Amino acid sequence: MDSNMQGDFFVVKAKDNGVHVIGLTRGHDTKFHHTEKLDKGEVMLAQFTEHTSAIKVRGKAVIYTPFGEIDTEA
Ligand code: TRP
């Protein structure tokens, strides 16, 4: 992995059951490649990688990024 990707972590904390964290592929095609389901209180730590260029979060959650904190309800 490219060394300048080391900081590209994010954290998703589910505020409800059934929150989905969906990973989208890097490259020419932008497709879902992984869906992780979180229940209330569950936390996922993940990274943008050579395979993952974007994520989509569905449901009530707080996302912590290097740019700040995002509440999906806000
Ligand atoms: N196999 C995936 C990858 O290496 C795992 C992954 C990393 C992932 N970050 C993610 C899956 C974010 C979903 C969301 O890219």
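Residues numbered from 1 in each chain as written. Predicted model: local features only at pLDDT ≥ 70, side-chain atom pairs only at ≥ 80, totals over all residues.

Trainee: An account of the overall build of the chain is requested, with residue identities and associated values reported.
Mentor: What the chain contains, in helices and strands, is 0 helices and 7 strands. In the chain, the succession of helices and strands from N to C terminus is β-β-β-β-β-β-β. In summary, the chain has a C-alpha radius of gyration of 12 Å against a globular reference of 11 Å for 74 residues, a match within 12%. Counting only residues that meet the buried cut, the chain has 9% of its 74 residues in that class. Put simply, 67% of the contacts in the chain that link residues at least 6 apart link residues at least 24 apart. (Helix = DSSP H or I, 4+ residues; strand = E, 2+ residues; numbered from the N terminus. Rg over C-alpha atoms; globule rule 2.2 N^0.38 Å. Buried ≥ 20, exposed ≤ 12 C-beta atoms within 10 Å, placed from the backbone. Contact = placed C-beta atoms within 7 Å.)

Trainee: Which residues make up the sheet that holds strand β7 (residues 68–71), and what values go with them?
Mentor: One open sheet accounts for 4 strands, arranged β4-β1-β6-β7; its pairing is antiparallel. Each edge of the open sheet carries a strand with a single partner, namely β4 (43–47) and β7. Averaged over all pairs of adjacent strands, the angle between their axes in this sheet comes to 20°, without regard to strand direction. Pairing of strand β6 (residues 61–65) with β7, which is carried by 4 bridges, proceeds in the antiparallel orientation. Residue pairing for β7: Y64 is matched across the bridge by E69. (Pairing = 2+ DSSP bridges. Axes fitted to C-alpha atoms, helices over the stretch in contact; angles between N-to-C directions.)

Trainee: Any chance you could break down the environment of D16 for me, citing the residues and the numbers?
Mentor: Assignment of secondary structure puts D16 in the loop between β1 (9–14) and β2 (19–25). For D16, a count of 14 C-beta atoms within 10 Å translates into the label partly exposed. Between the C-alpha atoms of D16 and E42, which are 26 residues apart in sequence, the distance is 9.1 Å.

Trainee: If you had to explain the nonpolar core to someone new, which residues and values would you point to?
Mentor: By size, the foremost hydrophobic cluster in this structure holds 6 residues: V12, A14, V19, V21, L38 and A61. Of all the elements in the fold, those that place two or more residues in this core are β1 and β2. Other than its neighbours up to four places away in sequence, A61 contacts V12, K13, A14, K15, V19 and T72. (Core = buried A, V, L, I, M, F, W, Y, C linked by C-beta atoms within 7 Å.)

Limitation: the analysis is restricted to geometry and does not speak to function.
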